[in-house]
Amino acid sequence: MLQAHSFLWHYLWVAPNVLLFILCFLIWKRGLGKQFPAFFVFAVLSAVAQLALYAADVSPSVTAKNFWRVDWAGLLVEGSLKFILIGEIFASAFGAYASLARLGKLLIRSIGIILVLTAAVAAAYAPKNGLFGIVSGAHMLEQTIYLIESGLLVFIFAFSACFRLRLARPVFGIALGLAVSACVHLATWAIAANGVLPTDRRGVLDFLNMATYNLTVLIWFYYLLVPGKVAVSPAVPLPENHLDVWNRELERLVRP
Amino acid sequence: MTLAIILVIAAALALIFILGVAFSRSLQISAGASLANQIHPIDVEAFRTLVDPAEDDYLRRRLPAAEFRLVRRERLRAMAAYVQTAGRNAAVLVRMGQAALTSANPDTAEAARRLVDNALLLRRNAAFALLRIYLALAWPNSGLAATPILHGYEQLNGSAMLLGRLQNPAAPVRISARF
């Protein structure tokens, strides 16, 4: 059953991408596409890239080398879009709060630099395969992207948890789906890139990756389309307020 | 091989952490009603005395150096306890403010947004203040300005009371024992 080109294999590769197109259509109809443009573009292009890769895999006219070229192109596009999407998640989560935005930006940039350096070290220590450089290079690129991506997402979750800040439901859902996918993919690509499993048994990793991607798309469906609990507060007229004075006072805390 | 094992363990820990955050989020939503009970009022006057630099100067002049360091450390520990409580109260106020953000009344929603912003600022400053307090515990003779935290907490108390009055005029939220 866990064989390449089995029914389950075809289903797991194609179904989440078709579901992503449906999700994109539904969020576009609900106006969420304008609210989360990076997610919308990422979802559309990811689905296109994955289906193009699937077509390259099943088409007998596409050579192995061309398949890996398509894979590289998709990886570079998806990788870039993921980091733009993480920027959007960060801005949606903390951008509204001036007190956190500056500190958060400083920290996420610092952590980003540390993660890039760590990923570079990890790639440098991975075994090289001169004969199939395009394949091992793709594995290494996957490991690099997922290492940085999962690190940045862990930071976003840790930062919000540290301040007990609850992310808005759609933002939380997008981040959760992306994070689950990034963590599982990091583990599987680390195994693949470092040659832990023999080539004939790596198919299991593909199934795990594809199943996780299915789960990710379902998480996005749930958090973006199913409404959450809404707390209704009674409407009371606003009395005289001193919030501006308080804000000035609190500014003194940051720059005493 | 070793690198792969390290990365797999790191990925597993990251996944467990993220799922833990997701689980605690669902608990937060269900426990939303009892938030006001989680606030521990702080005696602001006692804290003000504790952070007063004049008090430190007085003790430094009156006590031998070794005894002063002991007393100073005790005062710093007490200060840390106050700041931790202020930080915890700020965290509760963040959640209360976020719960009110969806209010249909734009004034309440705006007051809630400002409360959240103020509470986040206080929580951030409380974290920095704790760091300074712990550093001062290592070097008790160094100066420490924790007074800005006090100002921030006083303003936050007013901010919370305003939101409390907006939501329930009969029972405003009070986060200071004396104010």
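Everything numeric in this text was worked out from a predicted model, so none of it was measured.

Novice: Talk me through the overall build of chain B; I want residue IDs and the actual numbers.
Specialist: Secondary structure assignment for chain B yields six helices and two strands. Overall, chain B shows an N-to-C arrangement of helices and strands of α-β-α-α-α-α-α-β. Buried residues in chain B amount to 39% of all 179 residues. Taking the intrachain contacts of chain B between residues at least 6 apart in sequence as the baseline, contacts between residues at least 24 apart amount to 72%.

Novice: Explain helix α5 (residues 98-125) of chain A residue by residue, including any values.
Specialist: Under the 1.5 Å per step criterion, the end-to-end length of α5(A) is 41 Å for 28 residues, consistent within 8% with the ideal 40 Å. All buried positions along α5(A) are accounted for by S99(A), L100(A), G104(A), A119(A) and A122(A).

Novice: Give me the environment of A126(A): which residues, what numbers.
Specialist: Within the secondary structure, A126(A) is located in the loop between α5 and α6 (133-162). On a C-alpha basis, the gap between A126(A) and A193(A) in space is 6.6 Å, while along the polypeptide they are 67 residues apart. When residues no more than four places from it in sequence are discounted, the contact partners of A126(A) are M140(A), A193(A), N194(A) and L3(B).

Novice: I'd like to hear about unusual backbone geometry, residue by residue, with values.
Specialist: Residues and elements named next belong to chain A. Phi at R164 is positive, roughly 55°, even though this residue is not glycine. Note that R164 resides in the loop between α6 and α7 (169-193). On the neighbour-count criterion, R164 (20 C-beta atoms within 10 Å) is buried.

Novice: Give me the nonpolar core: which residues, what numbers.
Specialist: Among the nonpolar cores identified, the biggest contains 90 residues, and I89(A), L153(A), A175(A), A179(A), C183(A), L186(A) and V94(B) are the most heavily contacted of them. For this core, the leading source of residues is α7(A), giving 18 residues. No fewer than three residues from each of domain 1 (1-30) and domain 2 (35-178) of chain B sit in this core. If sequence neighbours within four positions are ignored, L186(A) has contacts with Q143(A), Y146(A), L147(A), S150(A), L7(B) and A11(B).

Criteria and cut-off values
- Residues numbered from 1 in each chain as written.
- Chains lettered and ligands numbered in written order.
- Predicted model: local features only at pLDDT ≥ 70, side-chain atom pairs only at ≥ 80, totals over all residues.
- Helix = DSSP H or I, 4+ residues; strand = E, 2+ residues; numbered from the N terminus.
- Buried ≥ 20, exposed ≤ 12 C-beta atoms within 10 Å, placed from the backbone.
- Contact = placed C-beta atoms within 7 Å.
- Expected span 1.5 Å × (residues − 1).
- Core = buried A, V, L, I, M, F, W, Y, C linked by C-beta atoms within 7 Å.
- Domains from an automatic or database assignment.

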